[in-house]
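# Tertiary structure, described
Next come the chains, spelled out residue by residue.
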Amino acid sequence: MEWRRLGRIFDPTKYCLPNKCHEFAQSPQALVFDDYVRVYFSTRERDLKNGKFLSHVAFVDMAKDMRTILRIADKTVLPLGELGSFDEHGVFPINPLRHEGRVIAYTCGWSRRVSVSVETAIGLVISNDNGLTFQRSGAGPIMAASMFEPCLVGDGFVRVVDGVFHMWYIFGTGWRRFTTQSAPDRTYKIGHATSVDGVNWNKEEGRKVIADRLGEQESQALPTVMQISSAFHMFFCFRESFDFRAGKGRGYRIGHARSEDLSNWVRDDDEFSILGAPGEWDSDMQCYPHVFECDGRKLMLYNGNEFGRFGFGLAELK
Amino acid sequence: MYKWEKLGKVFDPKSVSGRPWLQEFAQAPASLLFDDFIRIYFSCRPAADENGQYVSYSAFVDLDRSDPLKVMRVSDEPILKLGALGEFDEFGTYPVSVIRHDNGVRAYYAGWTRCESVPFNVAIGVADSNDGGASFVKIGTGPVLSYSQDEPFVLSGPKIRRFNDIWCLFYIAGRKWKLVNGRPEPVYKIRMATSTDGLAWTKLNRDLVSSRLEEDEAQASPDVFYSNGSYHMFFCYRYSSNFRGKEFGYRIGYATSTNLFDWHRDDSKAGIDVSGSGWDEEMISYPHVFDVDGVTYLAYLGNQVGRHGFGLAKLLGNLG
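Below is a short write-up of the structure. (Residues numbered from 1 in each chain as written. Chains lettered and ligands numbered in written order. Predicted model: local features only at pLDDT ≥ 70, side-chain atom pairs only at ≥ 80, totals over all residues. Heavy atoms only, no water.)

## A closer look at the overall build of chain B
The secondary structure content of chain B amounts to 1 helix and 20 strands. At 18 Å, chain B has a C-alpha radius of gyration in line with the 20 Å of a compact globule built from 320 residues. The C-alpha extent of chain B, read off along each of the three principal axes, is 50 × 45 × 45 Å. The 320 residues of chain B split such that 61% are buried. Taking the contacts inside chain B whose residues are at least 6 apart along the sequence as the reference set, 54% of them involve residues at least 24 apart. Roughly 12300 Å² of accessible area belongs to chain B as shown, and the carbon and sulfur atoms make up 46% of that amount. (Helix = DSSP H or I, 4+ residues; strand = E, 2+ residues; numbered from the N terminus. Rg over C-alpha atoms; globule rule 2.2 N^0.38 Å. Buried < 20%, exposed > 50% of the residue type's maximum accessible area, 1.4 Å probe, protein only. Contact = heavy atoms within 4.5 Å. Areas by Shrake-Rupley, 256 points an atom, 1.4 Å probe, with all protein chains shown as cover.)

## Regarding the packing of aromatic side chains
As enumerated under the stated definition, the model contains 49 aromatic pairs over all chains in all. Members of the aromatic cluster, connected to one another through ring pairs, are A:Phe92, A:Trp110, A:Phe244, A:Tyr252, A:Tyr288 and A:Phe307. Its end group placed over the ring of B:Phe34, B:Arg100 keeps NZ or CZ at 4.7 Å from the ring centre. (Phe/Tyr/Trp six-rings, centres within 6.5 Å; stacked < 30°, edge-to-face > 60°. Lys NZ or Arg CZ within 6 Å of the ring centre and 35° of its normal.)

## A short note on the nonpolar core
In summary, soluble globular proteins display a tendency toward joint burial of nonpolar side chains. One finds B:Phe42, B:Phe170, B:Trp263 and B:Phe310 to be the most contacted residues of the largest nonpolar core, which totals 58 residues. Top contributing element to this core by residue count: strand 15 (residues 230–238) of chain B, with 5 residues. Not counting residues within four places of it along the chain, the set of residues in contact with B:Trp263 comprises B:Phe170, B:Leu208, B:Val224, B:Tyr231, B:His232, B:Met233, B:Ala255, B:Thr256 and B:Ser257. In terms of nonpolar packing, the next biggest core, distinct from the first, is built from 37 residues, A:Ile9, A:Leu17, A:Ala25 and A:Val77 among them. (Core = buried A, V, L, I, M, F, W, Y, C linked by side-chain atoms within 4.5 Å.)

## Here's the deal with the sheet that holds strand 9 (residues 135–136) of chain A
All names here are of chain A. In spatial order, the strands read 6-7-8-9; together these 4 strands make up an open sheet with antiparallel pairing. One side of each edge strand has no neighbouring strand; the edge strands of this open sheet are strand 6 (91–99) and strand 9. Examined bridge by bridge, strand 7 (residues 102–112) and strand 8 (residues 118–127) share 10 bridges and lie antiparallel to one another. The partner of Gly109 across the bridge, within strand 8, is Ala121. (Pairing = 2+ DSSP bridges.)

## Regarding the interface of chain B and chain A
With 28 residues of chain B in contact, the opposing surface of chain A contributes 31 residues. Together chain B and chain A conceal approximately 2300 Å² of surface at their shared face, both sides included; 58% is due to carbon and sulfur atoms. Together, B:Leu85, B:Glu116 and B:Gln149 form the three largest contributors to the area buried by chain B at its contact with chain A, with a combined 33%. The interface formed by chain B and chain A includes 2 salt bridges. Ionic pairing is found between B:Glu116 and A:Arg112, a salt bridge with its closest N-O pair at 2.8 Å. Taken together, the links from chain B to chain A amount to 13 residue pairs in polar contact (both at pLDDT 80 or more). Listing elements by their share of the side of chain B that touches chain A, those giving two or more residues are strand 7 (104–114), strand 8 (120–129) and strand 11 (166–180) of chain B. Residue composition of the side of chain B that touches chain A, grouped by class: 15 nonpolar, 10 polar and 3 charged. (Buried area = accessible area lost by both parts, 1.4 Å probe. Salt bridge = Lys/Arg side-chain N within 4 Å of Asp/Glu carboxyl O. Polar contact = N/O pair within 3.5 Å; in protein donor to acceptor, adjacent residues only side chain to side chain. Nonpolar A, V, L, I, M, F, W, Y, C, P; charged D, E, K, R; others polar.)

## A look at the sheet that holds strand 1 (residues 3–11) of chain B
Residues and elements named next belong to chain B. The 4 strands are arranged 1-20-19-18 in an open sheet whose pairing can be described as antiparallel. Because the sheet does not close on itself, it has two edges, and the strands there are strand 1 and strand 18 (285–292). Adjacent strand axes in the sheet meet at a mean angle of 25 degrees when their direction is disregarded. Inspection of the sheet shows strand 19 (residues 295–301) paired to strand 20 (residues 310–316) by 5 bridges, in the antiparallel sense. In the strand pairing of strand 20, Tyr300 is matched with Gly311. (Axes fitted to C-alpha atoms, helices over the stretch in contact; angles between N-to-C directions.)

## What about the side chain of B:Asp64?
All names here are of chain B. Counting through the fold element by element, Asp64 comes out in strand 4 (residues 57–64). Assessed through its relative accessible area of 12%, Asp64 is described here as buried. At a separation of 2.9 Å, a polar atom in the side chain of Asp64 contacts the side chain of Ser66. Those residues in contact with Asp64 that sit more than four places away from it in its chain are Asp36, Ile38, Lys70 and Met72.

## Examining the pairing of strand 16 (residues 251–257) of chain B
Residue and element names in this part refer to chain B. The element strand 16 is largely enclosed, with a buried count of 6 among its 7 residues. Here strand 16 pairs with strand 17 (residues 264–265) via 2 bridges, running antiparallel. In the sheet register, Ala255 faces strand 17, and the bridge partner there is Arg265. Between the end of strand 16 and the start of strand 17, which pair antiparallel, lie 6 residues, with Leu260 showing a positive phi angle near 80 degrees.

## Description of the side chain of A:Asp47
Residues and elements named next belong to chain A. Tracing the chain through its elements places Asp47 in the loop between strand 3 (36–46) and strand 4 (53–63). A distance of 3.3 Å separates a polar atom in the side chain of Asp47 from a polar atom in the side chain of Arg112. In this structure Asp47 touches Lys52, Leu54 and Arg112, once residues within four positions along its chain are discounted.

## Re the environment of A:Ile210
Residues and elements named next belong to chain A. With respect to the secondary-structure elements, Ile210 resides in the loop between strand 13 (202–203) and strand 14 (218–228). Each C-alpha atom of the pair Ile210 and Asn303 lies 21 Å from the other, and the pair is 93 residues apart in sequence. Beyond its immediate sequence surroundings of up to four residues, Ile210 is in contact with Ile190, Gln220, Met234, Phe236, Ala257, Trp265 and Arg267.

As far as function goes, none of this settles anything; it's purely spatial.
Below you can see the structure in the form of structure tokens.
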């Protein structure tokens, strides 16, 4: 399965984004309209209280050539959560879809911890204006840590297949200090849950649906699923859990798995390749893939170096 | 109104030595009856760390069944380990509630983690004992009951019961973090969930008990007891601000129900209040009602929410 690089299509450093965000356009995810494609992403504000980041949702509307920028969000798409809530310090990523005539989205909310940096959980938000803004359907998450998924539930990607909601998401298996000097690092794996209403979910509690390639310390993130011919294909990114920011060859790459039944997945990263010379923006890292169809084209949005600090690009299935 | 005869303080954490993890507090008493003794689980703390912060453990004290004011033994170790780095119960296992199950003992407990914008968050864990309730091993490393749309944070104070083969978990869920003089203080309400196996829970998703003091009244320790054809709940409640003293601190309330889901609150029936002087003169909280050999007891906390231990009261007459 060969995908062709089409290059970077959005650079956030060239625009003024809401909430004083000026870098990062992470985890691009598409919602296709008649005349354009809205790409949601998460961008970052510097928290003046402590210099840490806050992740905000924004979007860019592109013509279906996926080149021409028509509009950029000019106000808050989804406010951050209230004091003490699971999504108080950021929403990243956001997964939009249409359901019963409305636009809904699954969010990954971030809240900061003391002994480790963060905890996450998955929320549900609803739009009443066709995706310009979203409101929470509750202050808390629809899916959070549980007995055998002890932390860091996030990155939900939802599709309805034969009337059943399927969610692929990630759950943390634990935190670890890899060296005495290093801050705690997390490891997470891809899981699966189903639902009849999109609100109440049944997890396959603790089942890692994608085999490890780098061993137990592999972290897998941002699953995205698409049907191609008769099979389902999942794309995700994976990395080492330690020294993944600067360590050569330890950062995010894109992985792939195939399934006939949405339950059993055969991992085959080598079946997937992106052809074409990497750009300056995606030479060291490819992460946060999102696949979608637009006018018969099968497209993949993804981030490059530094987890999307410099925007996102596009690839197309040949 | 019920009539309770106060028997005094039964257990003072200061009376114990050689246990650095048990320096202060004996909070949230919960009973388990044995042939010769009444085991009362409680939660306690070692001395605070250099930043003044506490972790909490749970332990037990065995009281003589024929004379519950007599302490027979105190557990040598905490009954539960704290969670590992980043786990939901890394900084505390408090409170705990136990039930006999499958010839063993099962504990539900609240696990504490520390947060940046608010001081903590809490979710409910579950653990089983294979040694008759002396120690417990967590079934999983994550919580059995956690945050959801209508219960966004601070799920704490579990009380496990089984009525008519249905598992009932009474607990509290945070409603909001209220800034009081710049400090976030949690407002929480009494909630419940039911289960057929004690592991997969269905939340009722509504408050069981109306608020009386103010909209932001905090309610805790929903202790449910069946007697004489109806369900009785003793609980405690306080104001949302300045609640660390007598005027706005915890008092014990009461509600009754015929079906476990619809409760009628009538605090005037609780029949127990702060004393004129002594260890429970400022506040009383965390009630737990249990029956031993025909006598109904109420274990509860006094000043500073159990910093100095818990006491017992004896019911004169029956629960109606």
